[in-house]
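Tertiary structure, described
Chain by chain, the residues run as shown.
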Amino acid sequence: MNDADMSGVSKDLSKSFPMLEYMIKDPEELISTMSNLKIPDVRDLPSPRTMKTHMPLRCLPKDIQEQCKKPKIIYVTRNPKDTVVSLYHFDMSIQTKELSDEDYTKLTFHQYLERFFHNNCYFGSYWEHTLDFWNRRHWENVLFLTYEDMLIDPRSHVEKIAKFLGKKLTVKQIDAITIETSFKKMEKNTMFNYESWKMTTPFMRKGKAGDWKRHFTVEESERMDKLYEEKFGGTGLQHIFEV
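To keep things clear, this report deals only with the structure shown in the data block. What you are looking at is a predicted structure, and each value in this text was computed from that prediction instead of being measured. (Residues numbered from 1 in each chain as written. Predicted model: local features only at pLDDT ≥ 70, side-chain atom pairs only at ≥ 80, totals over all residues. Heavy atoms only, no water.)

Side note on the environment of leucine 151
Along the chain, the position of leucine 151 falls in helix H7 (residues 147-152). A relative accessible area of 30% means that leucine 151 is categorised as partly exposed. Sequence separation of leucine 151 and lysine 208 is 57 residues, and the distance between their C-alpha atoms is 7.6 Å. For leucine 151, the residues in contact, after removing those within four places along its chain, are Gly207, Lys208 and Ala209. (Helix = DSSP H or I, 4+ residues; strand = E, 2+ residues; numbered from the N terminus. Buried < 20%, exposed > 50% of the residue type's maximum accessible area, 1.4 Å probe, protein only. Contact = heavy atoms within 4.5 Å.)

Examining the nonpolar core
Within soluble globular proteins, side chains that are nonpolar generally end up buried alongside one another. One finds Val84 and Phe216 to be the most contacted residues of the largest nonpolar core, which totals 30 residues. Those elements that place two or more of their residues in this core are strand E1 (73-77), helix H4 (80-93), helix H5 (109-117), helix H6 (126-134), strand E2 (142-146) and helix H11 (218-232). For phenylalanine 216, the residues in contact, after removing those within four places along its chain, are Lys81, Val84, Val85, Phe109, Leu113, Ser221 and Met224. (Core = buried A, V, L, I, M, F, W, Y, C linked by side-chain atoms within 4.5 Å.)

Brief notes about the pairing of E2
With 5 of 5 residues buried, E2 is to be regarded as a mostly interior element. Side chains Val142, Phe144 and Thr146 of E2 all project onto a buried face; the interleaved residues Leu143 and Leu145 project onto the opposite face, where all are buried too. One ladder, built from 5 bridges, connects E1 with E2; its direction is parallel. The partner of isoleucine 74 across the bridge, within E2, is leucine 143. (Pairing = 2+ DSSP bridges.)

Observations concerning the pattern of salt bridges
The tally for this structure, following the rule as stated, stands at 8 salt bridges. The shortest N-O distance in the salt bridge between lysine 185 and glutamate 180 comes to 3.9 Å. Salt bridges linked by common partners bring Arg155, Glu159 and Asp175 together as one network. (Salt bridge = Lys/Arg side-chain N within 4 Å of Asp/Glu carboxyl O.)

Overview of the environment of leucine 237
Its location among the elements puts leucine 237 in the segment after H11. The exposure class assigned to leucine 237 is buried, which follows from its relative accessible area of 5%. Residues leucine 237 and leucine 131, spaced 106 residues apart in sequence, show a C-alpha to C-alpha distance of 8.6 Å. If we skip the residues at most four places from it in the chain, leucine 237 touches Thr130, Trp134, Phe144, Tyr228 and Phe232.

Topic: the side chain of glutamate 148
Counting through the fold element by element, glutamate 148 comes out in helix H7. There is no salt bridge for the buried glutamate 148, and the closest opposite charge comes from arginine 78, which lies 4.6 Å off by N-O distance. Looking at glutamate 148, its side chain comes within polar contact range of the main-chain nitrogen of asparagine 79, at 2.9 Å. If we ignore the near neighbours within four places in the chain, the residues touching glutamate 148 are Thr77, Arg78, Asn79, Ala209, His239, Ile240 and Val243. (Lys, Arg positive; Asp, Glu negative; His and termini not counted. Polar contact = N/O pair within 3.5 Å; in protein donor to acceptor, adjacent residues only side chain to side chain.)

Concerning unusual backbone geometry
Not every positive phi belongs to a glycine, and glutamine 67 is a case in point at roughly 60°. Counting through the fold element by element, glutamine 67 comes out in the loop between helix H3 (62-65) and E1. In the Ramachandran plot, asparagine 119 falls in the positive-phi region, its phi being about 60° despite a non-glycine side chain. Its location among the elements puts asparagine 119 in the loop between H5 and H6.

The values reported here are purely geometric and, on their own, carry no functional implication.
What follows is the structure, encoded as structure tokens:
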């Protein structure tokens, strides 16, 4: 969006690239209305506006759902096994009074996974969330990517995203963006790592695919495989589970 201008990497990410759901002032409102969030008015942000969100398609404005308005949407999905592992470590590391609960943060991974199996997690069903955008991947304003593919070939994805955004970048610019957006580089940047949050584990934790193997039992892995086939079988969607 900034033509490879790297000066922004030292700016507060929450201001230059805000999370829509965190723009709600009352954290209790965020928790109690998680499944029916309404997007705040962001028209005061400078154009072109860039925002991020975890919200499912059904929570986006009707104009977007019905394609009356077509903002560019880059959707990134991750395999469900690594997704739940990442979610678990993130949720368990939150120590702020507003967003943590003593009983909740004592959950074992296996207890947390059971909640995931029953769609009892923020923003609802992982399966519905993913399929809603996968089924709209042919929309001209939607770019559907997988986290694992980005890990395997980050440079080609920088090129793909630039093309989607209508940006013509030089080889040097593409190389610079690829380096600056690498996990190794970003984990050392305090603006990306949310160090101001009181977390017991780093926000930028692993950045890999396959860490689920250290958490899942064989039975849990097989159960997820079966559910994956039930939900995504026949859709054409396929994730990579180890890189």
